[in-house]
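Architecture at a glance
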Amino acid sequence: MVKLPQQVEDVIQKIDGAMAQYPLLTQYERMKQLEDKFGYSKVFFFLGIYTVLSLFVYLVGGAKLISDLFGFVYPAYMSFKSVDASDSSMSTQWLTYWVVFSSFAIVEQVALFLVEFIPFYYFIKVAFFVWLYHPKFLGAGVIYNDLIRPALLPYLEMTKPSEKKAA
């Protein structure tokens, strides 16, 4: 077997550690069986399978499907977790995300003709979705508090029942 440069070995070890943290998701035991059977690192098999699956998803749905998956899969998973969590701020974060997500989806659908004029639109969309839900940034709260809430608050005030003065 060929000796790999130390930097490559370090990256393989990091990926292997990440795979070990999520054994069900990465099918760690099956990758270990492939490693034992063929003599190559399980990381190579994992990356190969990941590449083939990514290519398949891209060929089936294109960049739009990939960007929609980024905007939906992880947030849906975290939303399900927040339902059972005792931390209400987690639920608030994900509820806010879904308000911003649905607002973005409506605007995107209305302005769909503009999408073809924006270079790398779907890459920008993926980065935007990650910014919305990443714990370091929590961009959904920023968009909601600075754009959506001020725009909708006057209309929500109008829907409140008015109090009649007692005579």
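Now for a quick tour of the structure.

Procedures and definitions
Residues numbered from 1 in each chain as written. Predicted model: local features only at pLDDT ≥ 70, side-chain atom pairs only at ≥ 80, totals over all residues. Heavy atoms only, no water. Helix = DSSP H or I, 4+ residues; strand = E, 2+ residues; numbered from the N terminus. Buried < 20%, exposed > 50% of the residue type's maximum accessible area, 1.4 Å probe, protein only. Core = buried A, V, L, I, M, F, W, Y, C linked by side-chain atoms within 4.5 Å. Contact = heavy atoms within 4.5 Å. Axes fitted to C-alpha atoms, helices over the stretch in contact; angles between N-to-C directions. Parallel < 35°, antiparallel > 145°, perpendicular 65-115°, else oblique. Nonpolar A, V, L, I, M, F, W, Y, C, P; charged D, E, K, R; others polar. Phe/Tyr/Trp six-rings, centres within 6.5 Å; stacked < 30°, edge-to-face > 60°.

Here we come to unusual backbone geometry. Positive phi is not limited to glycine here, since glutamine 27 has a value of about 50°. Examined against the element boundaries, glutamine 27 turns out to sit in the loop between helix H2 (23-26) and helix H3 (28-38). Relative accessible area serves as the criterion here: at 30%, glutamine 27 is assigned to the partly exposed category. A positive phi angle is found at phenylalanine 120, which is not glycine, with a value near 55°. Tracing the sequence through the fold places phenylalanine 120 in the loop between helix H6 (112-115) and helix H7 (121-133).

Met78, Trp94, Tyr97, Val100, Phe101, Phe129, Leu132, Tyr133, Ala140, Ile143 and Ile148 together form the largest nonpolar core, which totals eleven residues. Of all the elements, helix H5 (residues 88-110) adds the most residues to this core, at four residues. Leaving out residues up to four positions away in the same chain, isoleucine 143 has contacts with Val100, Phe128, Trp131, Leu132 and Ile148. Of all hydrophobic cores here, the second largest spans five residues; its members include Ile12, Met19, Tyr28 and Met31.

Below, the discussion takes up the packing of helix H1 (residues 6-21) against helix H4 (residues 42-84). Close contact between H1 and H4 brings their axes to 9 Å; oriented N to C, the two are set at 75°. Put simply, H1 runs roughly perpendicular to H4. Here H1 contributes Ile12, Ile15, Asp16 and Met19 to the contact with H4, which in turn contributes Lys42, Val43, Phe44, Phe46 and Leu47. When the residues that make up the contact of H1 with H4 are grouped by side-chain class, the tally is seven nonpolar, no polar and two charged.

Here we come to the packing of aromatic side chains. Aromatic rings in a pair are described by how distant their centres are and how their planes are angled relative to each other. By the definition in use, this model includes 18 aromatic pairs. Geometrically, the ring pair formed by phenylalanine 72 and tryptophan 98 is edge-to-face, given 5.7 Å between the ring centres and 65° between the ring planes. Within this pair, whereas phenylalanine 72 is found in helix H4, its partner tryptophan 98 is found in helix H5, the two being separated by 26 residues in sequence. Of the residues examined, tryptophan 98 reaches a relative accessible area of 23% and is grouped as partly exposed.

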